[in-house]
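Each chain, written out:
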Amino acid sequence: MSEIATPPNSASEPARTLIGRLKDNDLLASFLSSKVTVAAGIVTVILFLAALLAPWIAPTDPFNPATNYLSDSFDPPSFIASGDPRFLLGTDDQGRDMLSAILYGLRVSLAIGFCSVALGALIGVSLGLVAGYAGGWTDSAIMRIADVQLTFPAILIALLLDGVAHALLNPANRDESAFAVLVLSIGLSFWVQYARTARASTMVEKNRDYVLAARLIGLSHARILFSHILPNVMGPVMVIATINLALAIITEATLSFLGVGLPPTQPSLGTLIRIGQNYLFSGEWWIVTFPSLTLAALVLAVNLLGDWLRDALNPRLK
Amino acid sequence: MTGPLLSVRDLRVEFATRKGPLVALDGVSFDIAPGEVLGVVGESGAGKSLTGLAVIGLLDSPGRIAGGEIRFDGERIDNLPQTRMRLIRGGRIGVIVQDPLTSLNPLMRIGDQLTETILAHKPLGRRQAREQAIAWLGEVGIPSPEKRIDGYPHEFSGGMRQRVVIALALCAEPALVIADEPTTALDVSVQAQIISLLKNLTRRHGAAVMLITHDMGVIAETADRVAVMYAGRIAEIGEVRELVRNPLHPYTQGLMAAIPTLAVRARRLMQIPGAMPRL
Amino acid sequence: MIAFLLRRLLASVGVLIAVGLIAFAMFRYVGDPVNQMVGIETSAQERAQLRHQLGLDQPAMVQAARFLMNAARFDFGVSYQFKQPVADLIAARMPATLELALVASILALAAGVPMGVYAALRRDSALAKLFQALSLIGISLPTFLIGVLLIYLFAVVLRWLPSFGRGDVVRIGSWWTTGLLTVSGLKSLIMPSITLALFQMTLIMRLVRAEMLEVLRSDYIRFARARGLSEHAVHFRHALKNTLIPVITVVGLQLGSIVAFSIITETVFAWPGMGQLFLQSIQNADVPIMAAYLLMIATLFVVINLIVDLIYVAVDPRWRGHLNRA
C-alpha cells in the first residue's frame, strides 16, 4: 500500500533594506569575513594615501640639495638615544631624511607600478582584441610572439629591455629617462597575460548575436571592438591587473636594487635598500630597515588583496 | 533474515550556510528488504543522490546528517567513525556512480583499480585478487577480459566503462548496491543493456538495490517498490505496480501522466505546472 | 610519437633561431661594435679596416648567418669591457651559477612538495595554516629583500654565516670549480641557495596544495572512497600521482627561471657567477655579453621545455595512447 506525505513549509524571504542587501552582498561579505584581508585593505589604503600626499606630508624635500646637509648624514632615528629629533627615521649617507625619502620613494614606486600596469594592459588588451577578432595570420603571429616571450621570466625581459634602452640612450640623459625606461620595460614584459585573456574573451564574444547584429547594421570593426566587445573583456582583465600591480612593484624594486632602475638622485624603495645594504655592517641599520619594511608591507598587502579578489571572483570555489 | 536490510528513519540532512542551515532532506524514511530493488525517483534537486550519499556517509561538508537514524543489517551506521564506515563501504554497501567518464582514475589501470578494491575487503593474495578481477570483467560482459584488464579507462567506451564501474561496485560482494543514476550519462541504446546487466547481476548475487534515477521507465521495468521524492521529502512510496496504476499523491499523479506513451493519442505532452521550491 | 618529437624539436629550433636573430640585432645595431672596441685615437682608416675584418660591411643576412654559426660554436665575440672572449668569461663563471641553481632547485623541490602535500591533506591543521602564511610571504617578498634580511640576521647580528662570495673552492678537471667540498664553501652556499629557493619553494608548495585539493574533489577520488579504500590508498596511490603530473610541467619551467633569478641573488651576495657578469654588462652597455647571455638563457629554457614535454608524454598514459594513434 502506498503512503503519501504532508505539504512542505514556505521558504525564507530575501532581504529588502539597503543594510540587508549590503549584508547579503557576497563580495563585501567575503571581504569582511577575513580579518587578514581587511587588515591588508587598510594597510594598502594608508600606503596609497601616504604616497599620494607625500609632497605635503613629508617633513623635508629629500631631493632639494639645498636642504640636505652632509653633516646630518648617518643620523640614527629620533627614538634612539643618539638620534636627532628632527629625523624620525634617521638620515642616509647624503643627509636625507629617511622618512621623506621613503614617502617619495613609495610615491615613485607606486607611480611606476600603476603606469607600467596600465601600459601592459593597454598593449596586451589591444593586441588580444585584434588577435581574437581578426583570427587567421594576425592571430597566429601575435600568439607566436606571445609564446616566445612567455618562455622567459618577466624580470629577465624587463632587465634586457632596460639594458638595451640604456645602451641606446645618451648616458647624460640616463637619470631623467629612468622613469620612462622602467615603465616601458616593465609594461612590455607583462603584456602577454592581458593579451591572452582579452583574446579568449574576444573569441567568445565575437560569435555572439549582438556582435552579428552590430555588423549587420554596418558598424565598423573598430567601433564594434571598442564599444561592444571591450566592456565584456574588462572584467577578467581587472583581476589580472590587480595581481600584476604587486608584481610590477616588485620588479621595479628589484631593478632599482640591481642598479639599473631609479638612480640615487630620485630613489625608489629599491634604490634606498641598495644604498642601505652598503652600510649594514657599519651599523647604520636604519637605512636599510625602514625602506625594507615599507616595501614588504606594501607588497604583502597588495598581494593579499589580490588573493582575496581572485578567490572571491572565482566561480568554481563558490 | 529478519527485518529490513536497510532502514532509514526521519533522516534530516542540512547544509550550513552564512544565512543559516539549509534543509536538504526533511524527515526521509524508508526500508529496503534483502534482495529487493527500491527505486528512488524525482526531479533533479529533489534529494535522491543526497539520500544515497548520506547512507554511505560520504556527505561533503558543509552538508551533515542533522537528525534521524540509518540502520544497516540491524546496527546503526549513521554515527560510525570513518574507520568502521570504510569497511562497510564497498564491502557491504556498494556504489554505482553516475558518470563513468570521470569516476575512474585516468592514470590507473582498470585491473589495478579492481584488485585494490577486492584486496581492501577480502583476505586474498594478489594473484587471486587479479583472477577474480578478470572473472568480474567477464561477468559484466567485457570481451577478452584477461587482455583488457591492463587497459586504461580512456581505452574503453562509455558503456564499457559503466560495466567496469558495476564490476567495481559488486566485486566485494555487497548485500546492498546504491546505484546513483547509472544510465543517465550513457547513450540510449546502451542504457537498456546496462539496466538489464544490473538487474541480472544483483539478482544472481542476492544483492538489494537502491536505484536512484529520474527515469520513470527504468523504475517501471526494474524496481519492486518505488519512492517518489520531492523537495527533500518522500511524497509517496509503495509497490511499483500499485503506484503506477493508482497514484495517490498529486505529484506522483503528475509524474505518471507526464510519461509519454505511444498508446494514447494526445496533442500535447503533459507537464507538471510550476517548479520545485528551492532550498 | 616520432612525428610529435620531430615537431617539438623543430619548434624549439625555430624559437632558438628567432632569439638568435634578436641577439644578433642587439649585438650589431645597439651601439657601434667598432667604436666600442677601439680607443679615441684610432684613425678612421683603421676603423674601416677593423670593420672590414669583422665583416661588418657585409649584407645584414650574411652577418646574421655568421653570428648564428659562431654562436653554435660558442664564439660570442669579445667583451667591450673586459677585452676578452665572451665565451671564456662566461665559462669561468658558469660553475658558480650552476652549483647555486642546482642546490636551490633541489632545496625547493625537497621542501616544497612535502609541504604542499601536507597542507592539502591536513588543511585545517595549525601547521598547514602556518605554511600558507609563510608561503604568502615567500611569494610576496622580492628575492633581494629576503637576501638582505637573511644577511642582516645571520651575518650581521648572529655572525654565523659569511655574507658574500663563495668561500674556498676546489678545482675539478680543467674547468669546473666547486664549493661543495670545503667548509667555507658550504657555509657560503647556505644563504644564497635559501634565498634563491624560497620563491620556487613557496610556488611549488602552493601549486601542489592547490592541485591536490582539486584532485581530492574529483569524482574518481569520491568513487575510490565509496569503494571503501583506506585513506592512505586514496591519498597516496590515487591522489598524489594525479597531482604530481600537472605539477611537473610547471615545476620544470620554474627550474629554468631559477637560473634567471640567480642574477638577483648573485648581486645580493656578491656571488661570482654568470648573473653578476650579465648585470655588469647591462650597467656598462657591454652588448656582446648581453647577447650571449640572452642566447644561452633561451637555449636553456627551450631545452627544459622540451624535456618537460617529453616527461609529460612518457608519464601520462592518455598522451601515449593518443600519440600512438596519431
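Within every chain, residues take consecutive numbers counted from 1 along the sequence as written. Chain letters start at A and ligand numbers start at 1, both assigned in the order the entries are written. Restriction of local features to residues with pLDDT of at least 70 applies here, the model being predicted, together with a cutoff of 80 or more for giving and counting side-chain atom pairs; totals for whole chains, interfaces and linings are based on all residues.

> What's the story with the overall build of chain A in this structure? I'm lost.
A helix here means a DSSP run of H or I that spans at least four residues, while a strand means a run of E at least two residues long, and both kinds are numbered starting from the N terminus. A count of helical and extended segments in chain A gives twelve helices and one strand. Its helices and strands in sequence order give chain A the pattern β-α-α-α-α-α-α-α-α-α-α-α-α, from N to C terminus. It is the C-beta atoms, placed from the backbone, that decide contacts: two residues are in contact if theirs lie within 7 Å. Taking as baseline every contact in chain A between residues at least 6 positions apart, the subset at least 24 positions apart corresponds to 67%.

> What is the right way to read the overall build of chain B from this model?
Looking only at helices and strands, chain B has eleven helices and ten strands in total. Each of the three principal axes of chain B carries a C-alpha extent, and together these read 55 × 50 × 40 Å. Residues with at least 20 neighbouring C-beta atoms inside 10 Å of their own are called buried, those with 12 or fewer are called exposed, and the rest are partly exposed, where every C-beta is derived from the backbone. Counting across all 279 residues of chain B, residues that qualify as buried make up 45%. If you take every contact in chain B between residues at least 6 apart in sequence, the share linking residues at least 24 apart comes to 66%.

> Before we go on, may I ask you to explain helix 5 (residues 86–121) of chain C in this structure?
Each full turn of the α-helix corresponds to 3.6 residues, which orients residues three or four apart in the same direction. Helix span, as expected, comes to 1.5 Å for every residue beyond the first. Here helix 5 of chain C contains 36 residues, and its C-alpha end-to-end distance of 50 Å stays within 8% of the 52 Å for a straight helix at 1.5 Å per residue. Maximum bend of helix 5 of chain C: about 40°, positioned at Arg93(C), with proline Pro95(C) one to four residues after it. At every residue, the bend is computed as the angle between two fitted axes, covering the seven residues ending there and the seven beginning there respectively.

> I tried to follow the pairing of strand 2 (residues 20–32) of chain B on my own but got confused; where do I start?
Each regular strand shows side chains that alternate between the opposite faces of the sheet. All names here are of chain B. When DSSP finds at least two bridges between two strands, those strands are taken to pair. Examined bridge by bridge, strand 1 (residues 6–17) and strand 2 share ten bridges and lie antiparallel to one another. Within strand 2, the residue paired with Leu11 across the bridge is Val28. Where strand 1 hands over to strand 2, the hairpin turn is made up of two residues, counted between the paired strands.

> What exactly am I supposed to notice about the interface of chain C and chain A here?
How large an interface is tends to be reported as the accessible area lost when its parts come together. Contacts between chain C and chain A engage 31 residues on the former and 34 residues on the latter. Elements that contribute at least two residues to the side of chain C that touches chain A include exactly helix 1 (2–29), helix 6 (126–140), helix 7 (143–157), helix 10 (231–268), helix 11 (274–283) and helix 12 (287–315) of chain C. Considering every element that reaches the side of chain C that touches chain A, the biggest residue donor is helix 7 of chain C, with seven residues. Under the grouping applied here, Gly and all other residues not named as nonpolar or charged are polar, the nonpolar ones being Ala, Val, Leu, Ile, Met, Phe, Trp, Tyr, Cys and Pro and the charged ones Asp, Glu, Lys and Arg. Looking at the side of chain C that touches chain A, its residues break down into 25 nonpolar, six polar and no charged.

> What is the right way to look at the packing of helix 4 (residues 110–121) of chain B against helix 7 (residues 158–170) of chain B in this model?
All names here are of chain B. Helix axes are fitted only over the stretch in contact, all axes being lines through C-alpha atoms; the angle between N-to-C directions runs from 0 to 180 degrees. Close contact between helix 4 and helix 7 brings their axes to 9 Å; oriented N to C, the two are set at 20°. When the axes of helix 4 and helix 7 are compared, the pair comes out roughly parallel. The way helix 4 lies across helix 7 gives a crossing that is right-handed. Facing helix 4, whose interface residues are Ile110, Gln113, Leu114 and Thr117, helix 7 presents Val164, Ala167 and Leu168. Residue classes in the contact of helix 4 with helix 7 are distributed as five nonpolar, two polar and no charged. Comment on the angle field: the value is read as roughly parallel under 35 degrees, roughly antiparallel over 145, roughly perpendicular from 65 to 115, and oblique elsewhere. Crossing handedness follows the turn of the near helix against the far one: under a right angle anticlockwise gives a left-handed crossing, and clockwise gives a right-handed one.

> Can you walk me through the environment of Arg163(B) in this structure?
Mapped onto the elements, Arg163(B) comes out in helix 7. Separated by 27 residues in sequence, Arg163(B) and Trp136(B) have C-alpha atoms that sit 9.8 Å apart.

> Before we go on, may I ask you to explain the sheet that holds strand 1 of chain B in this structure?
Residue and element names in this part refer to chain B. Sheet architecture is open: four strands sit in the order 2-1-4-5, paired in antiparallel fashion. Since the sheet does not close on itself, it has two edges, and those belong to strand 2 and strand 5 (75–76), each with one partner. Relative to strand 2, helix 1 (residues 48–56) is tilted by about 80°, and along the sheet it contacts strand 1, strand 2 and strand 4 (63–72).

> What exactly am I supposed to notice about the pairing of strand 8 (residues 208–213) of chain B here?
Residues and elements named next belong to chain B. The buried fraction of strand 8 amounts to six of the six residues, a majority that puts the element mostly inside the structure. On strand 8, burial covers both faces: Ala208, Met210 and Ile212 on one face and Val209, Leu211 and Thr213 on the other are all buried. Where strand 7 (residues 176–180) lies against strand 8, five bridges are found, and the strand directions are parallel. Bridge pairing in strand 8 places Ile178 opposite Met210. Call a crossover right-handed when, viewed with both strands pointing away from you, the route from the first strand across the helix to the second goes clockwise. In the classification by handedness, the crossover that spans strand 7, the intervening helix 8 (residues 188–205) and the parallel strand 8 is right-handed.

> Just to check I follow, could you spell out unusual backbone geometry for this structure?
With the exception of glycine, the majority of residues adopt a negative phi angle, and the majority of peptide bonds are in the trans configuration. Residues and elements named next belong to chain B. Located in the positive-phi region is Asp10, a residue other than glycine, with phi close to 50°. Note that Asp10 resides in strand 1. Phi is positive for Glu181, which is not a glycine, with a value near 50°. Considering the arrangement of structural elements, one finds Glu181 in the loop between strand 7 and helix 8.

> Hey, could you run me through the nonpolar core in this one?
In terms of nonpolar packing, the biggest core is built from 154 residues, with Met98(A), Val299(A), Ala291(C) and Leu294(C) touching the most fellow members. Put simply, a nonpolar core is a cluster of buried Ala, Val, Leu, Ile, Met, Phe, Trp, Tyr and Cys residues tied together by C-beta atoms within 7 Å. Counting residues in each nonpolar core, the second largest holds 89 residues, with Leu114(B), Ala129(B), Ile195(B) and Ala235(B) among its members.

> Hey, could you run me through the packing of helix 1 of chain C against helix 4 (residues 60–72) of chain C in this one?
Packed helix pairs are characterised by how far apart their axes lie and by the angle those axes make with each other. All names here are of chain C. One can describe the packing of helix 1 onto helix 4 by two numbers: an axis separation of 10 Å at closest approach and a directional angle of 110°. It follows that helix 1 is roughly perpendicular to helix 4 by the angle criterion. Helix-helix and strand crossings are classified by hand; for helix 1 and helix 4 the assignment is right-handed. Contacts between helix 1 and helix 4 involve Gly20, Leu21, Phe24, Phe27 and Arg28 on the former and, on the latter, Gln63, Ala64, Phe67, Leu68 and Ala71. Of the residues assigned to the contact of helix 1 with helix 4, the class counts are seven nonpolar, two polar and one charged.

> Could you clarify how one ought to interpret helix 3 (residues 35–52) of chain A in this entry?
Residues and elements named next belong to chain A. Between its first and last C-alpha atoms helix 3 spans 26 Å; for 18 residues at 1.5 Å apiece the expected length is 26 Å, and the two agree. Where helix 3 is concerned, the buried positions are Thr37, Ala40 and Ala51. On an axial view of helix 3, the arc spanned by its buried residues comes to 55°, and they lie on one face. Opposite the buried face of helix 3, by more than 90 degrees, sit the exposed residues Lys35, Ile42, Val45 and Leu49. The arc in question is traced by the directions running from the helix axis to the C-beta atoms.

> Any chance you could explain the environment of Leu295(A) here in plain terms?
Among the structural elements, Leu295(A) can be located in helix 12 (residues 286–313). In sequence terms Leu295(A) and Ile102(A) are 193 residues apart; their C-alpha atoms lie 9.4 Å from each other. Those residues in contact with Leu295(A) that lie beyond four places of it in its chain are Ala253(A), Leu269(A) and Leu145(C).

> How should the confidence of the model for chain B be read in this particular structure?
The predicted coordinates ought not to be read in detail in places where the model reports low pLDDT. pLDDT expresses, on a scale from 0 to 100, how confident the predictor is about each individual residue. On average, chain B scores 85 in pLDDT, and the residues at 70 or more come to 95%. Interface confidence in the predicted complex, given as ipTM, is 0.85; pTM for the same model is 0.77.

> I'm lost on the confidence of the model for chain A in this one. Help?
Residues and elements named next belong to chain A. On average, chain A scores 78 in pLDDT, and the residues at 70 or more come to 80%. Element-level mean pLDDT values for chain A span from 54 in strand 1 (residues 3–4) up to 89 in helix 5 (residues 98–134). Note on residues 6–13: pLDDT is under 50 here. Beyond four places in sequence and across chains, it has five contacts.

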